[in-house]
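If you want the building blocks of each chain, they are given just below.
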Amino acid sequence: MKVHLMQNVMGANAEYAARNRELFRQAGVLALNLMGSPGSGKTAILEATIPLLAPNYRVAVIEGDLFTTRDAARIERAGAEVVQINTGGSCHLNAKMIYTALADLPLDTFDLLFIENVGNLVCPAGFDLGAGRRVTVFGITEGADKVAKYPKMFRQSQAILINKLDLLPHTDVELTLLHQDLSAVNPEAALFHVSARTGAGLEGWVRWVVAQLPGPREG
Ligand code: MG
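Below is a summary of the structure that appears in this document. All figures in this text were calculated on a predicted structure; none of them were measured in a lab. (Residues numbered from 1 in each chain as written. Predicted model: local features only at pLDDT ≥ 70, side-chain atom pairs only at ≥ 80, totals over all residues. Heavy atoms only, no water.)

**Focus on the coordination of the magnesium ion**
- Within the protein, the magnesium ion binds to Thr43 (OG1), Asp71 (OD) and Glu116 (OE); these donor distances fall in the range 2.0 Å.
- Sequence spacing of the donor residues for the magnesium ion, all on one chain, is T-x27-D-x44-E. Of this pair, Asp71 sits in helix 3 (residues 70-78) while Glu116 sits in strand 5 (residues 112-116); the two residues are 45 residues apart in sequence, bridging distant segments of the chain.
- Here Glu116 falls in the buried class, since its relative accessible area comes to 3%. (Donors = N, O, S within 2.8 Å, 3.2 Å for Na, K, Ca; no water. Helix = DSSP H or I, 4+ residues; strand = E, 2+ residues; numbered from the N terminus. Buried < 20%, exposed > 50% of the residue type's maximum accessible area, 1.4 Å probe, protein only.)

Here you go:
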């Protein structure tokens, strides 16, 4: 596990995002920016997803957190190479943090890079990391109103995971209303109903991830 502490990082985010995008392209790596609220289940989704991908694909993870390496330790146990970024209080990752962390990842040896963003429905949506896809994890226990209240992150995402579906009977969430809000905000996104805890629905999500992988590498 490698740990970075990066505070007060400023700079041209778009420029670093473009550099990251180029590094991913050259290495033939699919990078996914995984966003969502604290407690939505981003790390749990990764813990459940990595073993499904690991037999066929080489997976790396960049973990973004304000403090602690707890999530990175979980990812390491799940069997993926992990680099931890501690933002020291900043509510989102930025492209320069990713660029710096990539120095510790031999990208050529990976097919897939998950970037778990800081848990937050607002700030991460404002920063392009250079990842090829954005994915939002939404925990059903957050309440159905969050999509309409925080539309930007959902609008930007190519895939949305409705997680903790096993807890649906214990909530007041009506899936039909949630679907209405989601299709008003982003009718194009691939939508997956999953439970990281039980493993339900993860096959479809994994198939989607694999379908996003770039073709054979350019010489
Ligand atoms: Mg996490």
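**Some thoughts on unusual backbone geometry**
- Unusually for a residue other than glycine, Thr68 sits at a positive phi of about 70 degrees.
- Turning to its location among the elements, Thr68 is positioned in the loop between strand 3 (59-65) and helix 3.
- At Lys164, a position not held by glycine, the phi torsion is positive, near 65 degrees.
- Within the element layout of this structure, Lys164 appears in the loop between strand 7 (159-163) and helix 7 (175-185).

**What about the packing of helix 1 (residues 13-27) against helix 4 (residues 95-102)?**
- Between helix 1 and helix 4, the shortest axis-to-axis distance is 8 Å and the interhelical angle comes to 40 degrees. One element, helix 1, and the other, helix 4, form an angle in the oblique class. Once helix 1 is placed against helix 4, the crossing between them reads as left-handed. Residues Asn13, Tyr16, Ala17, Arg19, Asn20, Leu23 and Phe24 of helix 1 touch helix 4, and the partners they reach there are Ala95, Lys96, Ile98, Tyr99 and Leu102.
- Taken together, the residues of the contact of helix 1 with helix 4 break down into 8 nonpolar, 2 polar and 2 charged. (Axes fitted to C-alpha atoms, helices over the stretch in contact; angles between N-to-C directions. Parallel < 35°, antiparallel > 145°, perpendicular 65-115°, else oblique. Left-handed = near helix turned anticlockwise from the far one by under 90°. Contact = heavy atoms within 4.5 Å. Nonpolar A, V, L, I, M, F, W, Y, C, P; charged D, E, K, R; others polar.)

**Structural notes on the state of the cysteines**
- Summed over the entire model, instances satisfying the criterion amount to 1 disulfide.
- Each sulfur in the disulfide pair Cys91 and Cys123 lies 2.2 Å from the other. Between Cys91 and Cys123, the disulfide has an S-S torsion of -105 degrees and is therefore left-handed. Highlighted residues: Cys91 in the loop between strand 4 (81-86) and helix 4 and Cys123 in the loop between strand 5 and strand 6 (133-139), separated in sequence by 32 residues. (Disulfide = S-S within 2.5 Å.)

**Concerning the side chain of Arg134**
- If you trace the backbone, Arg134 turns up in strand 6.
- Although Arg134 is buried, it forms no salt bridge, and the closest oppositely charged side chain is Asp128 at an N-O distance of 4.1 Å.
- From its side chain, Arg134 meets the backbone oxygen of Ala125 in a polar contact 3.5 Å long.
- Among the polar contacts listed, one links the side chain of Arg134 to the side chain of Gln156, at a separation of 2.7 Å.
- Non-local contacts of Arg134, meaning those with residues more than four positions away in its chain, are made with Asn33, Met35, Pro124, Ala125, Phe127, Asp128, Gln156, Ser157, Gln158 and Ala159. (Lys, Arg positive; Asp, Glu negative; His and termini not counted. Salt bridge = Lys/Arg side-chain N within 4 Å of Asp/Glu carboxyl O. Polar contact = N/O pair within 3.5 Å; in protein donor to acceptor, adjacent residues only side chain to side chain.)

**Considering the packing of aromatic side chains**
- Applying the stated criterion across every chain, the model contains 6 aromatic pairs.
- Between the aromatic rings of Phe138 and Phe154, the centroid separation amounts to 6.0 Å while the plane-to-plane angle is 70 degrees, which identifies the pairing as edge-to-face. Taken as a pair, Phe138 in strand 6 and Phe154 in helix 6 (residues 151-156) lie far apart in primary sequence, 16 residues in all.
- Residue classification places Phe138 among the buried residues on the basis of a relative accessible area of 2%.
- Here a set of aromatic residues connected by ring pairs shows up, and it is made of Phe114, Phe192, Trp205 and Trp208.
- Its guanidinium or amino end placed over the ring of Tyr99, Arg19 lies 5.2 Å from that ring's centre, counting from NZ or CZ. (Phe/Tyr/Trp six-rings, centres within 6.5 Å; stacked < 30°, edge-to-face > 60°. Lys NZ or Arg CZ within 6 Å of the ring centre and 35° of its normal.)

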